[in-house]
Every structure is written in structure tokens, then in C-alpha cells.
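Analysis of the macromolecular model
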Amino acid sequence: GRVKTAAGRHKLALSFQLLALLLFAANLLWQPAGVVYPGIAKPQVFAPQLLQLIYRLLGVGYGFFTAVALGRQILAWQQLSLLGSLPAQKAPLQWRLFVQKHADWLQVKKEVTIRLCAKAVPVTYGWLKPVILLPVACINGLTNSQVEAILLHELAHIKRADFFWNMVLQVT
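Analysis parameters
Residues numbered from 1 in each chain as written. Predicted model: local features only at pLDDT ≥ 70, side-chain atom pairs only at ≥ 80, totals over all residues. Heavy atoms only, no water. Axes fitted to C-alpha atoms, helices over the stretch in contact; angles between N-to-C directions. Helix = DSSP H or I, 4+ residues; strand = E, 2+ residues; numbered from the N terminus. Parallel < 35°, antiparallel > 145°, perpendicular 65-115°, else oblique. Left-handed = near helix turned anticlockwise from the far one by under 90°. Contact = heavy atoms within 4.5 Å. Nonpolar A, V, L, I, M, F, W, Y, C, P; charged D, E, K, R; others polar. Buried < 20%, exposed > 50% of the residue type's maximum accessible area, 1.4 Å probe, protein only. Pairing = 2+ DSSP bridges. Phe/Tyr/Trp six-rings, centres within 6.5 Å; stacked < 30°, edge-to-face > 60°. Patch = residues over 30% accessible without salt bridge, like charges linked within 9 Å, V, L, I, M, F, W, Y side chains within 5 Å. Areas by Shrake-Rupley, 256 points an atom, 1.4 Å probe, with all protein chains shown as cover. Salt bridge = Lys/Arg side-chain N within 4 Å of Asp/Glu carboxyl O. Lys, Arg positive; Asp, Glu negative; His and termini not counted. Charge placed at Lys NZ, Arg CZ, Asp CG, Glu CD.

Below, the discussion takes up the packing of helix α3 (residues 93-105) against helix α5 (residues 144-159). Between two packed helices, the angle of one axis relative to the other and the distance separating the axes together describe the packing. It is at 10 Å that the axes of α3 and α5 come closest, and there the two elements cross at 45 degrees. Between α3 and α5, the crossing angle belongs to the class labelled oblique. α5 is crossed by α3, and the crossing has right-handed handedness. Contact with α3, carried on its side by Gln94, Trp95, Phe98, Val99, His102 and Ala103, involves Asn144, Val147, Glu148, Leu151, Leu152 and Leu155 of α5 and no other residues of that element. Grouping the amino acids of the contact of α3 with α5 by side-chain chemistry returns eight nonpolar, three polar and one charged.

Okay, the pairing of strand β2 (residues 113-117) next. Most of β2 is tucked away: four of the five residues are buried. With two bridges joining them, strand β1 (residues 89-90) and β2 adopt antiparallel strand pairing. Looking across to β2, one finds that Lys90 is bridged to Arg115. Note that β2 and strand β4 (residues 131-135) share five bridges and pair parallel. The residue of β4 that forms the bridge with Arg115 is Leu133.

Under the defined criterion, the tally for this structure stands at two aromatic pairs. On the numbers, 5.2 Å between centres and 75 degrees between planes, the contact of Phe64 with Phe65 is edge-to-face. Across the pair, Phe65 and Phe64 agree in class, each one exposed. Relative to Phe98, the ring of Trp95 lies with its centre 6.3 Å away and its plane at 80 degrees, an arrangement referred to as edge-to-face. Remark: Phe98 and Trp95 occur in helix α3; sequence separation between them is three residues, near one turn of the helix. The two residues Trp95 and Phe98 agree in class, both being buried.

What follows is about a positive patch on the surface. The grouping of Lys11, Lys109, Lys110 and Lys159 at the surface amounts to a positive patch. Since its relative accessible area comes to 58%, Lys11 is described here as exposed.

For the rest of this paragraph, the subject is the side chain of His102. Within the element layout of this structure, His102 appears in helix α3. When sequence neighbours within four positions are dropped, the list of residues in contact with His102 reads Leu152 and Leu155.

Glancing now at the pairing of β4. Among the five residues that make up β4, five are buried, leaving the element largely enclosed by the rest of the structure. Of the two faces of β4, the one lined by Val131, Leu133 and Pro135 and the one lined by Ile132 and Leu134 are each fully buried. Strand direction decides the pairing type here: strand β3 (residues 123-125) and β4, joined by three bridges, are antiparallel. From the neighbouring strand, Val123 faces β4, where its bridge partner is Leu133. Between β3 and β4, which follow one another and run antiparallel, lie five residues, and Gly126 among them has a positive phi close to 95 degrees.

Below you can see the structure in the form of C-alpha cells.
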């Protein structure tokens, strides 16, 4: 049947991306050599040197783009480390209690920290020690139910380990 939950669709999409990576790597590494089937004439390979060159170029290209993605990820990690050093203050008690209560309800096993800062948009970072950064303007300009919706959204990212999977997908 169809996958009906967002979490199920998310896991299915990640599975297909990882499968595509594994198939690409297997195809790149697997080179049939001297396979003979009884009763069937040996197939003629058109320009074996050209095929080897294509495989090598694909490998180099894949390695290059993986290195670029890894470089982008390292820059993103540096930016995230700067986020952690931004001047921030503790969120009001009601929001910390709200996050703790709903993290328990969502079965988030890690302790989630919520902080206020001057950042323009809400953001969640950290896989082992997740932190939700909320803009001060968010607390001042939104209703309680709107802030709760934002916090639940960020908790869903933590529950699905989006930070970890985004790192993995960036590298692959």
C-alpha cells in the first residue's frame, strides 16, 4: 500500500537515495571480465578502452562532486559552530516546559535546548545535543499558538534526525 505518514515517506525517500548511491558505486566498481555463457557467442565489447575511460571519468567526477559537497558541509558546520557562539538568552520558562513536555510526547530521547537570539528565522541544529534557536522577534511578534506550532515543527526535525540525515545526504 501507500505510505501515509510524513515520517514513512521521509524514510522511504532516504532509503531510495542511499540505494541509488550504493547502485552507482556497485556499477562503478563492477566490470564484467571474461564472462562466458555456454552455447552463446562471446559478446563483442565496443572499444573496451573507451569504456574503461568512461568508468574512470565517472569515478573522478563522482569523487570531485563528493569533495565539493564535503567542502560545503564543512563550511556549513563552521557556520553552525558560529550559531552556537551567538549571544543568546534562555527562552522563557513556559516555552522550555512546552518543548520538554512535547519532546517527551514525541519520544525524543535527547535533551532539547531552546534559546533566543537575533537570528532572522527559527533554526534547529545539533544531532547529539539538539538546540532550537528562536528569534527574539518571533517571541514578541507572534501569538502563543504560532510559537507552539514553530516549536512543534522544530521538534519534528529533531525526532526524524533531519540534521544527521542532511549531513549524510550532503556528503553523498
